[in-house]
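# Understanding the architecture of this molecule
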4 protein chains.
Amino acid sequence: MTETGAPAAWWGDLTIAVIGGDEREPEIARLAAATGATVKAHGFPWPAGGVPGVSLEASPAAAAKGADYGLLPIPLSVEDVLYAPHAPERIHVDDELLGQLAAGAHVFLGRATPPIAASAERTGVTLHEYDDDKELMLLRAPAIVEGTIAAAVANTDVTIHDAEVCVVGFGTIGSVLARTLLALGARVHVAARNPLQRAAAHALGARPLELSELADLAPSLAMIFSTVPAEVVGREVLERMTAGALVLDIAPPPHHADLELAERLGLRAVWARGLGARAPVTVGASQWMGLRSRIESIEATRG
Amino acid sequence: MTETGAPAAWWGDLTIAVIGGDEREPEIARLAAATGATVKAHGFPWPAGGVPGVSLEASPAAAAKGADYGLLPIPLSVEDVLYAPHAPERIHVDDELLGQLAAGAHVFLGRATPPIAASAERTGVTLHEYDDDKELMLLRAPAIVEGTIAAAVANTDVTIHDAEVCVVGFGTIGSVLARTLLALGARVHVAARNPLQRAAAHALGARPLELSELADLAPSLAMIFSTVPAEVVGREVLERMTAGALVLDIAPPPHHADLELAERLGLRAVWARGLGARAPVTVGASQWMGLRSRIESIEATRG
Amino acid sequence: MTETGAPAAWWGDLTIAVIGGDEREPEIARLAAATGATVKAHGFPWPAGGVPGVSLEASPAAAAKGADYGLLPIPLSVEDVLYAPHAPERIHVDDELLGQLAAGAHVFLGRATPPIAASAERTGVTLHEYDDDKELMLLRAPAIVEGTIAAAVANTDVTIHDAEVCVVGFGTIGSVLARTLLALGARVHVAARNPLQRAAAHALGARPLELSELADLAPSLAMIFSTVPAEVVGREVLERMTAGALVLDIAPPPHHADLELAERLGLRAVWARGLGARAPVTVGASQWMGLRSRIESIEATRG
Amino acid sequence: MTETGAPAAWWGDLTIAVIGGDEREPEIARLAAATGATVKAHGFPWPAGGVPGVSLEASPAAAAKGADYGLLPIPLSVEDVLYAPHAPERIHVDDELLGQLAAGAHVFLGRATPPIAASAERTGVTLHEYDDDKELMLLRAPAIVEGTIAAAVANTDVTIHDAEVCVVGFGTIGSVLARTLLALGARVHVAARNPLQRAAAHALGARPLELSELADLAPSLAMIFSTVPAEVVGREVLERMTAGALVLDIAPPPHHADLELAERLGLRAVWARGLGARAPVTVGASQWMGLRSRIESIEATRG
């Protein structure tokens, strides 16, 4: 995705705080600064050479001070504690931090926990959740799928090429994954509840099946990729898989394949957490594209 | 798509009329008869060896007489005249014909014209339109896309491989077409209004652009495939294309690319009508799958 | 394939004759003239707008007169009669014509017939055959394969997508064809004598088999693509195919699949001749790239 | 690659020793035993559940004793020390070991070092090297390429999708790798010395270039994959790459890309050793297929 055109001049009037996160955030901060905005940062892994145009602040509060926009990470906070595994201290998204922002500030984050939502209300900050954003998910899909492929390679004794595999679920990630597995030469089945998704899987060249048919297919599978946040891949399926087969779960918590059972049954059970942090430069750039167009919409309505 | 399981016994109590249509209808009639139903036919191209289990009737009325279900073609009727290019006479879907059906009959067709809808109401027939059915469109997509590829090959002096091409629109057909063109080695751009569709095109490996950017891209394109029922590919775009480039329109009527202007400008302008009749055995089978599950739903509610 | 760099100045001293051929030759002549050479033409389809930098001559002899290089078409001559289906008269490649060329001239053509070889010897012309050139065949492969796909689409009632198909032979064309059929969603088998080719087909994602296994596979196939100049697809195979299946032969004459028998057995038997003329601009450009590097080699040795 | 037909009865008369190696050898031994042969093993990682039909011997000599065939690993020995990283002791392929084999025994291994070759001559053993076997390399190619993809994913901050990448060399592995990278959505360049290989890369949909053009391309590349056993990717190329770009070398030793220099220049330099051991079940099965057909040839000539 190439960005077209130079950023508008009003970007130069904005102050943006980037707080917390992982290797994606340096790229987000870099691109934010490239618009001409003032960008202050804290709590993400700081590159040895710094980030062009971005100032590293000593505390979350210093980064937030006077900012019109706060950019927080996508991974979920725990209560009011921000996802910031590389930060020197825990970062609390509370009244104190949000109160540092400029009046009428906007904060973007994956999803707001109740304590964060309450603080935002008290401090007059508008929250924007973008974890469910389908456009962003599509832009991140190749990164997630490549990480999934690498996880499958690392955890199998057979090639994906010429293997019988099944993707469970055919949403954004499931469909890109199925296409990629086909391209790698696998014989790909797709189990999905929705007849439309099964028809789309067929158009793609995969073999569609209903969820209820998965247990019958299980004995022939070398790999199952579960992309659905539900325990579709449960006992009935797992018990019929052959020893050493891979069960790779890439759905977000809380509900997912029964990996403990899978392990006890002699399968290779892998929960591919952290795929969202793979290819941070590409994904950070994608996230920034989504953030940028949202900021542009907000500024447009301000007149 | 394989059908699973033997058809239920109640199919043997049904009478089904297949009237009008093209090379798809013999396959539909054949599969309908394979369920055990009584199938009567008129007005489609009759194979030399007949159709197993299907009786050819001398008139539309004879085919319709006493039928519980009437299966009419997808292509649009003109007023009350059925699409039946191979029939010996015009077939009118009027009170006389619909009145032959059994009481409480159901009729499937692509889309009902006002006269047909009025006749159905007068005769107590329930109409089911399935032209817009997205599942069916997905099942037919490979047939339509292969026909599109063949039309492009027949109308160009260059290969699709290594050519710069643009797909306009990224719905069901547009997305399968873009994927196929990429697989054939083209450099594929996708012009779409919807940012979600542009993100999906990017995930696929195509270069997304907004509709407003199409004119700027036009000079570099060897082929444009328009899949949208709107005149997006108009003067501004066509005037900037190079002589001999292909403009292939696969959108249904009425609105589409300005092919007359394209021709006057020295482009190759092709309206790929009739793609829906390509690969009639595959497509007939797909249509039957959709029809079958609808009939099953209706019969289930009858108790 | 982009050409890199501007042509050397010595091209301006050359005279090149382009005689006979089909829609590929205008592109060859155009590119030859773009080097700065003097280019004279006769006997191929002349575009309405002419060919930039190329003079149309009234006779083959006028085109040949004084030329350092003669570029003749790839398709085979019959005795001394050049392949020139659009020429106003038959063109004989005899002492008279070759005698018009400059002393020490070089002539390129697909393959020399005995009378042409004899004339060349008598007139001191060096012949260069390039029909068997593997590089050129690779450059032309996408054009030939796209034409093959279009021929398959035109001659079947089912889609390539989801069809069981077999490519017989795994040379240059066979391997590109198998890859393309896979990309279109077919289940592709590859029958080849050579174990190396079978291993390469497997790496590609196809199912390899020995030629002797083809008859056993035949009943399940919707399409056979024969790329080998030998009657591998004979009675034993054809008799076991199902009615209506496609036998598409794209091997050059003389030996090939037994299409007459195929037709008598109720199969769709197609000899896809003329595929070499498909996408003439792309293919003409490819041929020119091969010709150009050969001319450069010859001129380099002249010092 | 499925094996067709049951093994001939004479396999039951053979004794086969499988000595040294890695996770591939259990699968080789298992398949060897499945023919009915007596199979004795030593020096490879022994699975918890054993290997069906194979006896684990206490020493290399015990495994070799009386065997008609010795199957040694593909990775190179050091002097006379076999590649056997999981063996309890060093295994020497010397007169003592080879002398245990049956008279006229045959030994297969990747490549013979001079001391091994000398021992074989002294003991009357026929050596068969199969490291260079092109068929085997093709059968192993998907495993090697999948491992390469996983290594690239693990060592980059950007996705392969939408990245500008170059494959250097277009042999067996290079061509499968380039095809796979294209399927993953990369923009793929192929640098090759041989014009035939460049033409094949073009047919595949990649952008071919000459080795001399690589330095000019370098600044735009996110990843270089070197598959050639020569230092093509040297200072001139590396100095022009951007910081953080990946140089992944998958060529066998001794000569390869200058990874030390690459690292000093701020690039990510990775030597993907050990790719041959990836997907050991698939690869072991492939190796056995090659070994089996060789053994069959040898036995056929014995009469």
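Figured I'd write up the structure that's included with this text. (Residues numbered from 1 in each chain as written. Chains lettered and ligands numbered in written order. Predicted model: local features only at pLDDT ≥ 70, side-chain atom pairs only at ≥ 80, totals over all residues. Heavy atoms only, no water.)

## Structural notes on the sheet that holds strand E10 (residues 223-226) of chain C
Residues and elements named next belong to chain C. What counts here: One bridge is not enough; two strands pair if DSSP finds at least two bridges between them. Segments assigned H or I by DSSP are reported as helices when at least four residues long, segments assigned E as strands when at least two residues long, and all are numbered from the N terminus. To obtain an axis, a line is fitted to C-alpha atoms, over the contacting stretch when the element is a helix, and the angle between two such axes runs from 0 to 180 degrees between their N-to-C directions.
Taken together, the 6 strands give an open sheet; going across it, the order is E9-E8-E7-E10-E11-E12, and neighbouring strands pair in parallel fashion. The two strands at the open ends of the sheet, each matched to only one other strand, are strand E9 (207-209) and strand E12 (268-271). If you compare each strand with its neighbour and ignore which way they point, the axes differ by 20° on average. For strand E11 (residues 246-249) and E12, the ladder comprises 4 bridges, and the chain directions are parallel.

## Examining the environment of Leu76 of chain B
Residues and elements named next belong to chain B. Counted only if it meets this: Only heavy atoms matter for contacts: two residues are in contact if any of them lie within 4.5 Å across the pair.
Within the element layout of this structure, Leu76 appears in the loop between strand E4 (69-71) and helix H3 (95-98). Taking C-alpha positions, Leu76 is 6.2 Å from Arg111, a pair spaced 35 residues apart along the chain. With residues near it in sequence (within four places) discarded, Leu76 still touches Tyr83 and Arg111.

## Let's talk about the interface of chain A and chain D
Our working rule: Joining two parts hides part of their accessible area as seen by a 1.4 Å probe, and the buried area is that hidden amount summed over both. Note on definitions: salt bridges are taken to be side-chain nitrogens of Lys or Arg within 4 Å of carboxyl oxygens of Asp or Glu. Nitrogen and oxygen atoms within 3.5 Å of one another constitute a polar contact, given that in protein one can donate a hydrogen and the other can accept it, and given that sequence-neighbouring residues count only through two side-chain atoms.
Taken together, the contacts link 22 residues of chain A with 22 residues of chain D. Taken over both partners, the interface formed by chain A and chain D buries close to 1800 Å², and the fraction arising from carbon and sulfur atoms is 64%. Viewed at the interface, chain D and chain A are joined by 0 salt bridges. Put simply, chain A and chain D have 16 residue pairs in polar contact (both at pLDDT 80 or more) between them. Sorting the residues of the side of chain A that touches chain D by element identifies helix H5 (134-154), helix H6 (172-183) and helix H11 (280-302) of chain A as the ones contributing at least two each.

## Some points on unusual backbone geometry
Residue and element names in this part refer to chain C. Applied cut-off: Accessible area is worked out with a 1.4 Å probe on protein chains only. A residue is then buried under 20% of its type maximum, exposed over 50%, and partly exposed in between.
The backbone of Asp162 sits at a positive phi, close to 75°, despite the residue not being glycine. Structurally, Asp162 is set in the loop between helix H5 (134-154) and strand E7 (164-168). Looking at Asp162, the relative accessible area reads 29%, which means it is partly exposed. One non-glycine residue, Ala279, adopts positive backbone phi at about 55°. Along the chain, Ala279 turns up in the loop between E12 and helix H11 (280-302).

## Side note on the packing of helix H7 (residues 195-204) of chain A against helix H5 (residues 134-154) of chain B
The criterion, for reference: Comment on the angle field: the value is read as roughly parallel under 35 degrees, roughly antiparallel over 145, roughly perpendicular from 65 to 115, and oblique elsewhere.
It is at 8 Å that the axes of H7 of chain A and H5 of chain B come closest, and there the two elements cross at 5°. Taken together, the axes of H7 of chain A and H5 of chain B are roughly parallel relative to one another. Here H7 of chain A contributes Pro195, Leu196, Ala199, Ala200, His202 and Ala203 of chain A to the contact with H5 of chain B, which in turn contributes Lys134, Glu135, Leu138, Leu139 and Pro142 of chain B.

## Some words on helix H7 (residues 195-204) of chain D
Among all positions in H7 of chain D, only Arg198, Ala199, Ala201, His202, Ala203 and Leu204 of chain D are buried. Turning to H7 of chain D, the residues buried within the fold contact H5 and helix H6 (172-183) of chain C together with helix H6 (172-183), strand E8 (187-191) and strand E9 (207-209) of chain D. Capping of H7 of chain D at its N-terminal end is provided by Asn194 of chain D; its side-chain oxygen lies 2.7 Å from the backbone amide nitrogen of Leu196 of chain D. Positioned one or two residues after H7 of chain D, Gly205 of chain D has a phi angle of 105°, which is positive.

## A look at the packing of aromatic side chains
Formally: For Phe, Tyr and Trp, where Trp contributes only its six-membered ring, two rings pair if their centres lie within 6.5 Å, and the inter-plane angle classes them as stacked under 30 degrees, edge-to-face over 60, or tilted in between.
All chains considered together, the criterion is met by 16 aromatic pairs over all chains. A ring pair is formed by Trp11 of chain C and Trp288 of chain C, whose centres lie 5.8 Å apart and whose planes are at 55°; its orientation type is tilted. You can see Trp11 of chain C sitting in the segment before strand E1 (15-19) and its partner Trp288 of chain C sitting in helix H11, a full 277 residues away along the chain. Ring geometry for Phe44 of chain D against Trp46 of chain D: centres 5.8 Å apart, planes inclined by 40°, an arrangement best described as tilted. Since its relative accessible area comes to 28%, Trp46 of chain D is described here as partly exposed. Of the aromatic side chains, those joined through ring pairs into one cluster are Trp10, Trp11 and Trp288 of chain A.

None of the figures reported here should be taken as evidence of function without further support.
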